[in-house]
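Structural characterization, general
The chain contents come next:
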Amino acid sequence: MTVTSMAITSTGSSTAMVAGLTVSPYFANKSQTRHVVSSSSFMAASKDKNDTTNASSVSRTSSFEPLWTGSLFPDSDTPPRVHTLIVGTHPSIASLAQEQYFGHTMNAFWWIAGDCLNFRRASGISPSSGEPYKLSASLRYGPDQIIPYEEQVRVLTSKGFALWDVVQSCERKGSLDVDIKNEVPNDIRGFCEKHPTVERIVLANGGTQCTLFARHFKSWWESGELMPAENETSIKAFKRFAKKTNNFENGKIKCVCALGVSPAAALYSYEQKRDFWEQYCYEPGLKNHEIYESKSLS
């Protein structure tokens, strides 16, 4: 993505111009210092009585803003409709350091997105050993298709996909989902209400993340609006709500408990993860996008 000009707003944040469109300060201003605040200055939502960790020694971190075409290019008159909201759990240490969604080099998310959307995330060669990563042999596109992170986000969101996290803020030592404490969720229900074209929510990190999502959005599930996708992992993750909703008979938004993209999810191969994501996220999402685009042109 080529930045042609930069303006500084009265608040000190910067706004870039790309191809004549105003770009979200998410890319224009990369300081992102708001993502880490002292836990002593934040009122924790709850405290595990069995937790003996000294909370004052753990920094409280905050997630990024949601990304969709309308947020990246607010001056666009007709941003693509959002059909698929992809949610991580909470930014890892690597993601916060790089100020990127799914920023760890070995996180499969952007490698899979590239394979499904016609680009390549990076060279796939380890900077330390000089050897190719194992997944490199399975990538569909060569080095000539490498594009920078900002362009990867643009490609993804231009097809109607959006990115956010389940957890807005939390205390956590390290980057594992199981170590998240005193979390506060993002308003995912509110996002979907503002974007009524959302047909699926893809939870990118597997079982533990789905448990968090079910706990924080219990009333949403019990309203009957949500339903699990038609695969074993999703049905297992959310079966507790089947009785309350008469087996999800009025469900409108499918929730996909995906094979985890985190490098910690080592049970499945890259190819297995990519095949799952292609079947339950990218193929149906791209079909939605084609339908929405054809209707807007008719």
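Here the structure is a predicted model, which means the values were calculated and not measured.

Turning our attention to the pattern of salt bridges. As enumerated under the stated definition, the model contains seven salt bridges in all. Of the charged contacts in the structure, one is a salt bridge between E171 and R60, with a shortest N-O distance of 3.7 Å. Here E171, found in strand 8 (residues 167–171), pairs with R60, found in strand 5 (residues 60–62); they are 111 residues apart in sequence, far enough to count as distant. In this pair, the class of E171 matches that of R60, namely buried. Across the salt bridge formed by R154 and E151, the nearest N and O atoms sit 2.9 Å from each other. Highlighted residues: R154 and E151, both in helix 5 (residues 149–158), separated by three residues, approximately one helical turn. Given the relative accessible area of 30%, R154 is considered partly exposed.

In this section: the side chain of H90. Structurally, H90 is set in the loop between strand 6 (84–88) and helix 3 (93–98). When its relative accessible area of 6% is taken as the criterion, H90 is described as buried. One polar contact links H90 to T61, side chain to side chain, over a distance of 2.7 Å. Residues in contact with H90, not counting those within four places in the same chain, are T61, S62, S63, D165, V167, Q168, S169, C170, R172 and I180.

Inspection of the secondary structure assignment puts S234 in helix 9 (residues 232–238). With residues up to four places along the chain from it excluded, the contact list for S234 reads P228, A229, C255, V256 and C257.

Before going further, it helps to examine helix 5. Three- or four-residue spacings in an α-helix give side chains the same orientation, since the helix completes a turn every 3.6 residues. Within helix 5, seven of the ten residues are buried, which leaves the element mostly enclosed by the surrounding structure. Turning to helix 5, its buried residues are Y149, E151, Q152, V153, V155, L156 and T157.

Moving on, we come to the environment of L212. Along the chain, L212 turns up in helix 7 (residues 207–216). Since its relative accessible area comes to 6%, L212 is described here as buried. Sequence separation of L212 and I180 is 32 residues, and the distance between their C-alpha atoms is 9.7 Å. Among all residues touching L212, those that are not within four sequence positions of it are T89, V167, I180 and E183.

The five strands lie next to each other as 7-6-10-12-11, forming an open sheet whose pairing is parallel. Edge positions in the sheet fall to strand 7 (161–165) and strand 11 (226–228), since each of these pairs with one other strand and no more. Pairwise comparison of adjacent strand axes, ignoring direction, gives a mean angle of 25° for this sheet. Where strand 6 lies against strand 7, five bridges are found, and the strand directions are parallel. Residue L85 lies in a different strand from strand 7, and its bridge partner there is A162.

Evaluated as defined, the whole model comprises zero disulfides. With no disulfide partner, C255 has as its closest neighbouring cysteine sulfur the one in C192, 8.2 Å distant.

What follows deals with the pairing of strand 10 (residues 200–203). Residues in a regular strand project their side chains so that they alternate between the two faces of the sheet. Where burial is concerned, the two faces of strand 10 agree: the one with R200 and V202 and the one with I201 and L203 are both buried. Bridge count between strand 6 and strand 10: four bridges; the pairing is parallel. Pairing of T84 across the sheet is with R200, part of strand 10. Note that strand 10 and strand 12 (residues 253–257) share four bridges and pair parallel. The residue bridging L203 from the neighbouring strand is C257, located in strand 12.

Inspection of the entire model under this criterion finds 17 aromatic pairs. A centroid spacing of 4.9 Å and a plane angle of 85° characterise the contact between F109 and W110, whose relative ring orientation is edge-to-face. A single burial state applies to F109 and to W110, both of which are buried. The ring of Y292 has R81 sitting right over it, with the charged end atom 5.4 Å from the ring centre.

Analysis parameters
- Residues numbered from 1 in each chain as written.
- Predicted model: local features only at pLDDT ≥ 70, side-chain atom pairs only at ≥ 80, totals over all residues.
- Heavy atoms only, no water.
- Salt bridge = Lys/Arg side-chain N within 4 Å of Asp/Glu carboxyl O.
- Helix = DSSP H or I, 4+ residues; strand = E, 2+ residues; numbered from the N terminus.
- Buried < 20%, exposed > 50% of the residue type's maximum accessible area, 1.4 Å probe, protein only.
- Polar contact = N/O pair within 3.5 Å; in protein donor to acceptor, adjacent residues only side chain to side chain.
- Contact = heavy atoms within 4.5 Å.
- Pairing = 2+ DSSP bridges.
- Axes fitted to C-alpha atoms, helices over the stretch in contact; angles between N-to-C directions.
- Disulfide = S-S within 2.5 Å.
- Phe/Tyr/Trp six-rings, centres within 6.5 Å; stacked < 30°, edge-to-face > 60°.
- Lys NZ or Arg CZ within 6 Å of the ring centre and 35° of its normal.

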